[in-house]
Amino acid sequence: MKQNLTPINTTHFGIARKIVSNMTSESWEQIPHAVVTYNADVRELMNVIKEINSSMSNDSRVTINTVMLRIIVEGLKACPALNAHLNFNRRLVRGKYTQFEEINISMPMVLKSGEMMTINLHDMHKKSITQMQQAIIDSKRRADNSDMNEVMFEVSLDNTLEGLKQGKILQTINRLVGSKTGKHKVKTLKGKAKREYYSIPTEDRLTKHDIEQGTITVSNLGSIYREWSGECTLLEIIPPQVAAIGIGSIQRTPIVDENKNIAVGQRLPITIAFDHRALDMGDVVPFMKRLDQIFANPQMIKQWV
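Summarised in this report is the structure supplied together with it. Counting restarts for each chain: residues are numbered from 1 in the order of the written sequence. The predicted nature of this model means local features are confined to residues of pLDDT at least 70 and side-chain atom pairs, given and counted, to a pLDDT of 80 or more, with totals for whole chains, interfaces and linings taken over all residues. Calculation of side-chain values draws on the structure's entire complement of heavy atoms; hydrogens and water are dropped beforehand.

## Thoughts on the packing of aromatic side chains
- Note on ring pairs: Phe, Tyr and Trp rings are taken, using the six-membered ring of Trp, and paired if centres are within 6.5 Å. Classes follow the plane angle, with under 30 degrees stacked, over 60 edge-to-face and the rest tilted. One pass over the structure, following the stated rule, counts two aromatic pairs.
- Taking the centre distance of 5.1 Å and the plane angle of 80 degrees together, the rings of Y197 and Y198 count as edge-to-face.
- Burial classes: relative accessible area under 20% of the type maximum marks a residue as buried, over 50% as exposed, and values in between as partly exposed (1.4 Å probe, protein chains only). Classification of Y197 by relative accessible area gives buried; the value is 7%.
- With a relative accessible area of 30%, Y198 lands in the partly exposed category.
- Definition used: whenever NZ (Lys) or CZ (Arg) falls within 6 Å of the ring centre and also within 35 degrees of the ring normal, the charge is taken to sit over that ring. Between R205 and the ring centre of Y197, over which it is positioned, the NZ or CZ distance is 5.3 Å.

This is how it looks when you write it as structure tokens:
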């Protein structure tokens, strides 16, 4: 029986939502996800961060978000299995799994428009905490100067051309129909507006280089809702990446110390999703062991500032 429903609002997907929808659909269609959670006791870490910031100006103080990104990079250095891409042909049962030295982190961030955009933070394995923070700030600055439809269209065009090279003719035709016709047509800049936009130096706006596929995705979910008292139980892995990491929000929780005394602690849940075609639980253990070392001796982060 047909229901008589009253629509409140109807929105046709823009190019950003189209790309996200396509990538996440591909993720769940192709990747057998496996997920583990890691609960970090960050009491001592927070004290060390306060100690570091006590000698810094307000503008240069490090954030827990950037410190956690640096800790995750340390974990990835110890566990390169997570910092990899997988190409798998199910029909022929052939796979190629490639680990990388470079750690290029795809990190979703909220733009001033309220939209979510995933930025590629390049060469995080080479950067200090301060340099990481500067890279994030600069990415947000350039995002504020950017027309995201233009940036996403550049990426979409590259993906379409790559699909043509791989012989995906039907996919290319379908994408052209979906993006160039009717109410679903993708709107990009024209004429003078386009010339003015592309006259902005590339160092002052985002380009396809800034949102191309990274080697792994790290989502700071806790920064979106700091009062969140739960933890992420599932993340999508964006192919060809083999892993995604989610950082939750810091929560007060009972902690049992070495002397079996109960105290009020600070718990930070971390979620690790991995592609079971490429990895097993044992492959993730080096990452967690490295985090164990850091959270047990957080004074070491001082050398990374």
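## Some words on the nonpolar core
- By size, the foremost hydrophobic cluster in this structure holds 68 residues, and its most contacted members are L45, L82 and F287.
- Tallying contributions element by element places helix α3 (residues 64-78) first for this core, with eight residues.
- Membership of the second largest hydrophobic core comes to six residues, among which are I31, L235, A244 and A273. For this analysis, a nonpolar core means a set of buried residues of the types Ala, Val, Leu, Ile, Met, Phe, Trp, Tyr and Cys, connected via side-chain atoms within 4.5 Å. Only DSSP runs of H or I with at least four residues qualify as helices, and only runs of E with at least two residues qualify as strands; both kinds are numbered from the N terminus onward.

## Topic: the pattern of salt bridges
- Salt bridge, as applied in this entry: a Lys or Arg side-chain nitrogen positioned within 4 Å of an Asp or Glu carboxyl oxygen. Taken as a whole, this structure holds twelve salt bridges when the rule is applied.
- Note that E51 and K302 form a salt bridge whose closest N and O atoms lie 2.6 Å from each other. Here the residue E51 occupies a position in helix α2 (residues 43-53), and K302 occupies one in the segment after α9 (281-296), the gap between them amounting to 251 residues.
- The shortest N-O distance in the salt bridge between R142 and D210 comes to 3.0 Å. Taken together, the residues R142 in helix α4 (residues 129-144) and D210 in helix α8 (residues 208-211) connect sequence positions 68 residues apart.
- The exposure class of D210 is buried, given its relative accessible area of 7%.
- One salt-bridge network, in which partners are shared between bridges, spans D138, R141, R142, D204 and D210.

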